[in-house]
Amino acid sequence: MKTTLSTLAHSRAGDKGNTLILSLIPFDEDDFDYLEREISAEKVKTHLKSQVKGEVLRYVLPELKALQFVCFDALSSGVTTSLAMDAHGKSLSYALLEMEIENFNDGRK
Amino acid sequence: MKEKIRVGCGAGFSGDRIEPAMLLVEKGNLDYLVLECLAERTIALAQKRKKQDPKAGYDVLLERRIESLLPLLKRHHTRLITNMGAANPLAGAAKIKEIAQKQGLNVKIAVVLGDDIFGKITGNELSMEGKLPLESYGKLVSANAYLGAEAILPALQSGADIVLTGRVADPSLFLAPMVFEFGWNQSDFDLMGKGTVIGHLLECAGQITGGYFADPISKPIPDMHILGHPLAEINKDGSAVISKVAGTGGAITVQTAKEQLLYEVIDPGNYYTPDVVADFSSVRFRELAKNQIQVLGGTGKPLPETLKVSVGYEAGYIGEGEISFAGAHALERAKLAGEIVEKRIAHQFEEFRIDYIGLGSLHGNELSRNHQAYEIRLRVAGKASSPALAQLVGEEVEALYTNGPAGGGGARKYVHEVLGVVSILLDRKEISTSINILES
């Protein structure tokens, strides 16, 4: 069954200059393994291709049970000079959560 | 030396609410209140105000915040640490002294100086972002080094009631009282790392108490209209419990703490501050009771030899115009309106952009392609070197009223000056700090 990431995880966007930082945290810690297995940096780069022009790095935090995606060249010219409506890219946490996912239930026990 | 201190964060950005800080002082039994009020660009804006008026350039809300807080701070013996000094901490301290005298209170203010290194910049330094000489960006207006906890320690040792700084790394505002009260060795990098974790969790105020976390469907948070700001009870060993004043709105949970821990962190294993390179990999949270989250773990590595310097420059003007369309063919009419403005004036601008608010203005066309909106707001933005040209954007959007297309309503126009910020790294040996004491 197809669903979106928003049903099993939450996210907050942060910015440093022209770099967009997106956390991805499961509501239920049992779903962390599924996220770690399924949500790669490449998938995020493809999903956000209209915003993210540079590389995407993924950090895995097993202790915290969270993922962190660092997206370079992602905020046009950066927060201070961008013409975009949301120059910080704060709303992009919810863009990540729009990602469609499959086989979600297979990830559980 | 104390075994435990209580530190609250009453503001997480320059425009933050005032009453949560008052509640923290009244009911939080705090040793320290921190107000973090300086975003990346705030200090460049403040520098421009200082240029026009040598007595300006501190936080625009300083007067209101201090007037409300000072009597409470004195009554509850809570010391204040804040970066509201912005581009002009000395003038900010003079204003605080004036307020204290008016309120008949004796207050000792310690001003931390040394972050403003504009005089040391040649303009030839290469930016971290584009590896281009600073002066190639535009007219430079400010250069402020991120100072660390060390710069704040002499101010705390002076016994001041209020410590006023300019640019200081946000977590350092919180780490300083820990180092001071617990007598931490600053080369114990694990302790400095733990303290930095606590500072980072607190620094955005309402972001950890459920505020910016909230979503009424997936992450509902109670009583957000009276959102409480956070406080931490910190132990000498660097562990802490984050909570908030009873009776305030919001929630502190493992989930809110996780979101805040990762906020704006480029590399969770290497979080650079002037005090330490903190490692967040081992951090975990445990719920002790409702709205009480214990912070465990966190380590650190030796501090960097360079300090980051934020350099502000004049980057021209942005002009914007907006107009709304609704009902049949709303998107088609908005698109026609956008095309008309684009054909008429786009060629005059360095950068020009058209957005359809309600559809793809935030996340682009890809994610919104299967969505439809009943109403659409056209937004046109252009970047120009003069305010007059920037103004043309809004004027042209407004002119759609009579020149069409049909049914456009609610036109608005805006112009604002743009200050850009880039960074350089400077050897910390080149930066010297000092304190200045004022008493009422």
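Preceding block: the structure.
Thresholds applied
- Residues numbered from 1 in each chain as written.
- Chains lettered and ligands numbered in written order.
- Predicted model: local features only at pLDDT ≥ 70, side-chain atom pairs only at ≥ 80, totals over all residues.
- Heavy atoms only, no water.
- Pairing = 2+ DSSP bridges.
- Helix = DSSP H or I, 4+ residues; strand = E, 2+ residues; numbered from the N terminus.
- Contact = heavy atoms within 4.5 Å.
- Axes fitted to C-alpha atoms, helices over the stretch in contact; angles between N-to-C directions.
- Buried area = accessible area lost by both parts, 1.4 Å probe.
- Polar contact = N/O pair within 3.5 Å; in protein donor to acceptor, adjacent residues only side chain to side chain.
- Nonpolar A, V, L, I, M, F, W, Y, C, P; charged D, E, K, R; others polar.

A. Spotlight on the sheet that holds strand S13 (residues 299–301) of chain B. Residues and elements named next belong to chain B. If you trace the three strands from one edge of the open sheet to the other, you get S9-S10-S13, paired in antiparallel fashion. The outermost strands of the open sheet, each flanked by one partner alone, are strand S9 (271–272) and S13. Here two bridges tie S9 to strand S10 (residues 277–279), and the two strands are oriented antiparallel to one another. In the strand pairing of S10, Tyr272 is matched with Val277. Lying over the sheet, helix H7 (residues 189–202) contacts S9, S10 and S13, oriented at roughly 115 degrees with respect to S13.

B. Local environment of the interface of chain A and chain B. Each partner contributes to the interface: chain A provides 41 residues, whereas chain B provides 48 residues. In total, about 3900 Å² of surface goes out of reach between chain A and chain B, with carbon and sulfur atoms giving 58% of it. Applying the counting rule to chain A against chain B returns 15 residue pairs in polar contact (both at pLDDT 80 or more). Looking at the side of chain A that touches chain B, the elements with two or more residues in it are strand S3 (13–16), strand S4 (19–26), strand S5 (56–61), strand S6 (66–71) and helix H3 (92–96) of chain A. If one sorts the elements of the side of chain A that touches chain B by residue count, S4 of chain A sits on top with five residues. Of the residues assigned to the side of chain A that touches chain B, the class counts are 17 nonpolar, 14 polar and ten charged.

C. Quick look at the sheet that holds strand S4 (residues 108–113) of chain B. All names here are of chain B. Spatially, S11-S12-S8-S7-S1-S2-S3-S6-S4-S18 is the arrangement adopted by the ten strands of the open sheet, whose pairing is mixed. Edge strands, defined here as strands with exactly one partner in the open sheet, are strand S11 (284–289) and strand S18 (434–439). Direction aside, the axes of adjacent strands within the sheet are offset by 25 degrees on average. Sheet topology note: the strand S7 (residues 230–235)/strand S8 (residues 240–244) ladder contains five bridges and is antiparallel. Residue pairing in the sheet places Leu231 in a bridge with Ser243 of S8. Helix-sheet contacts for helix H4 (residues 89–102) involve S4, strand S6 (162–164) and S18, and the interaxial angle to S4 is about 170 degrees. In this fold helix H8 (residues 254–262) packs onto S11 and strand S12 (292–296), with an angle of close to 150 degrees to the strand it touches most, S11.

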